[in-house]
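Read off the chains here:
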Amino acid sequence: MPETRCLAFVTDAFGGRGGIARYNRDFLEALAESGTISVIDVLPRHAPDRVLTPAGITQAPSPHGKLAYILGAFAAAFRRRRDLVFCGHLHLAPLAAVIARLVGAKLLVQMHGIEAWQPPSRLQRAAVETAHLVLCVSRHTRAAVLGWARIAPERVLVLPNTVGECFTPGDGSGLKAALGLEGKRVLLTVGRIDSRERYKGHDRVIDAMPALLARGHNVVYVIVGEGDDRGWLEKRARERRVGDRVLLLGAVGRERLVEIYRMADLFVMPSTGEGFGIAFLEAMACGTPTLGLATAGASDALADGELGALTSEEDLAAAIARLLEAPPPDASALSALTRARFGHEPFRTQLGAQWDRLLEPS
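No experiment lies behind these values; they were computed from the predicted model shown. (Residues numbered from 1 in each chain as written. Predicted model: local features only at pLDDT ≥ 70, side-chain atom pairs only at ≥ 80, totals over all residues. Heavy atoms only, no water.)

(A) Region of interest: the side chain of Arg 204. Of note, Arg 204 is situated in helix H7 (residues 202-214). The class of Arg 204 is buried, set by a relative accessible area of 19%. A polar contact of 3.2 Å, which involves the side chain of Arg 204, links it to the backbone oxygen of Tyr 199. Discounting chain neighbours no more than four positions away, the residues touching Arg 204 are Arg 198, Tyr 199, Pro 270, Ser 271, Thr 272, Glu 313 and Leu 316. (Helix = DSSP H or I, 4+ residues; strand = E, 2+ residues; numbered from the N terminus. Buried < 20%, exposed > 50% of the residue type's maximum accessible area, 1.4 Å probe, protein only. Polar contact = N/O pair within 3.5 Å; in protein donor to acceptor, adjacent residues only side chain to side chain. Contact = heavy atoms within 4.5 Å.)

Shown next as structure tokens:
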């Protein structure tokens, strides 16, 4: 399809934060690089950071308020011909479906995780059922969508997250010394500390620390991420008498994040609600062993235990202890295996195969 023009509705992408923004950026960049799309116009709901877009992608300023976003969406839709409407979140699907139908474009809907695990509103479900293709980041999310949507299974496909090229193995001892953590075993979680997202399991790691200390493990728990739950986590750490062993670093830049992954002895995110968990990929690409719960999308990110370890909530402390006591994996080998499965080239290859299906005549 020559001169294919795409309009993308996203909660956030360029200038956004978190795993969904990262996925949307990676997806849209891969489309732009593929050469199959001549124009990609992005309309975000939020873009708190400085916006930098690659060639072939233009992102409008984020409108203030829902009505302004809807009006901006219709204006963008009719500004030029549209062949494809990309909807980057279930919550935007009704708007995207209406616009796709009005302009005669194909509709592609992206599903991430917990937002799609329970039956959505009637309008959202109807919108998804009109999509030409639905992409899901994990098998768990795909199964959930097929459980509530009346849609042919071959139109619901899995396209997992990919990991950035900057996440590579290296020496993290300098940062470890700068933070005063020399001689300690560093447990790490990277993820928002939001009271609405306590499923990520920061508190589970804090609760496991007394048992680890009792077994002789000189551990410290480093948390990277922003949100409103800092006080709650600090209080929980004090109640467990490990307040001096929990270090909350807040939000950090990309370069510092890579250093933090490298200094960690174990990345652990015992989340019960991850659609996928891109932080698992980042840690493993840096050569850091990882641990997650054998539930939801984490199983996909950890390759069913081939790349990272999986455990249950009940066995969390024992699993952490086992991994701390085991010889560390070869960092370069772990990084290479992670990229072979989740690097940019595999991501582009999978996207290309699915893209061919989307562009088939209706």
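(B) Representation of the pairing of strand S11 (residues 266-269) within the structure. In S11, alternate side chains face the same way, and those of Leu 266 and Val 268 on one face and Phe 267 and Met 269 on the other are all buried. As defined by bridge partners, strand S8 (residues 185-190) adjoins S11 across 2 bridges and the pair is classed as parallel. Counterpart to Leu 188 in the pairing with S11 is Phe 267. Relative to strand S12 (residues 290-293), S11 runs parallel, the two being bridged by 3 bridges. (Pairing = 2+ DSSP bridges.)

(C) Just the pairing of strand S2 (residues 39-44), in detail. Counted residue by residue, S2 has 6 buried out of 6 residues, so it is predominantly covered. Because side chains alternate across S2, one face comprises the buried residues Val 39, Asp 41 and Leu 43, and the other comprises Ile 40, Val 42 and Pro 44, equally buried. Examined bridge by bridge, strand S1 (residues 5-10) and S2 share 6 bridges and lie parallel to one another. Following the sheet pairing, Val 10 is matched in S2 by Pro 44. In this sheet, strand S3 (residues 57-59) lies alongside S2 in parallel orientation, the contact comprising 3 bridges. Bridge assignment links Ile 40 to a residue of S3, and that residue is Ile 57.

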